[in-house]
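# Architecture and fold: a report
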Amino acid sequence: MSGPALYVMFAEDIDHSEALRAPLRTAHIQRRAELAAQGRVVVSGPLWDQDSGAGDYCGSLFVARFDSLAEAQAWADEDPYAKAGIYRRMVVRRINTHFIAKTETET
């Protein structure tokens, strides 16, 4: 492969995860902010269990540029939430992009 590709991390939380998330939230967000500062993050955020955007978090979604699946998986495995057992299931996969919106810096 030549250069970074996009990888998605999709994680589903264990039940009643908010109490476990709260003390780790700052470290969890800081890791993503470090990649964002490098221009590698496309989207990142918690998943809601309701369409209203209220209620409990039920997982996380993260899309970023990495050089390999191994690098993306290693990065995801070091996430504070992953290490604390907050995720019931986490999947990391390379994305074969067909359509992607341009950012303001790419226009």
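Look a little higher up for the structure.
Residues numbered from 1 in each chain as written. Predicted model: local features only at pLDDT ≥ 70, side-chain atom pairs only at ≥ 80, totals over all residues. Heavy atoms only, no water.

### Observations regarding the pattern of salt bridges
Under the counting rule described, the total for this entry stands at 7 salt bridges. The partner of aspartate 15 in a salt bridge is arginine 88, and the shortest N-O contact between them spans 3.0 Å. Of this pair, aspartate 15 sits in the loop between β1 (5–13) and α1 (18–21) while arginine 88 sits in strand β4 (residues 87–94), placing them 73 residues apart in sequence. One salt bridge connects arginine 32 with aspartate 79, and the closest N-O pair in it is separated by 2.6 Å. Remark: aspartate 79 occurs in the loop between α3 (69–77) and α4 (80–83) and arginine 32 occurs in helix α2 (residues 25–37); sequence separation between them is 47 residues. With respect to burial, arginine 32 and aspartate 79 carry one shared label: buried. (Salt bridge = Lys/Arg side-chain N within 4 Å of Asp/Glu carboxyl O. Helix = DSSP H or I, 4+ residues; strand = E, 2+ residues; numbered from the N terminus. Buried < 20%, exposed > 50% of the residue type's maximum accessible area, 1.4 Å probe, protein only.)

### Here we look at the pairing of strand β3 (residues 57–66)
Bridge analysis of β1 against β3 gives 8 bridges, and the strand direction is antiparallel. Bridge pairing in β3 links valine 8 to valine 63. By the bridge criterion, 7 bridges tie strand β2 (residues 41–48) to β3 in an arrangement that is antiparallel. Looking at the pairing, valine 43 lines up with valine 63 of β3. (Pairing = 2+ DSSP bridges.)

### Digging into empty space enclosed by the protein
By the definition in use, this model includes 1 cavity of 30 Å³ or more. What lines the largest cavity is simply Tyr7, Val8, Met9, Phe62, Phe66, Ala72, Trp75, Ala76 and Val92. Of all the secondary-structure elements, those providing two or more residues to the lining of the largest cavity are β1, β3 and α3. (1 Å grid on protein atoms, 1.4 Å probe; cavity = no way out; pocket = protein on both sides within 12 Å on 5 of 7 lines; lining within 4 Å. Points joined across faces, edges and corners; volume = space filled by probe spheres on them.)

These values are about where atoms sit, not about what they do.
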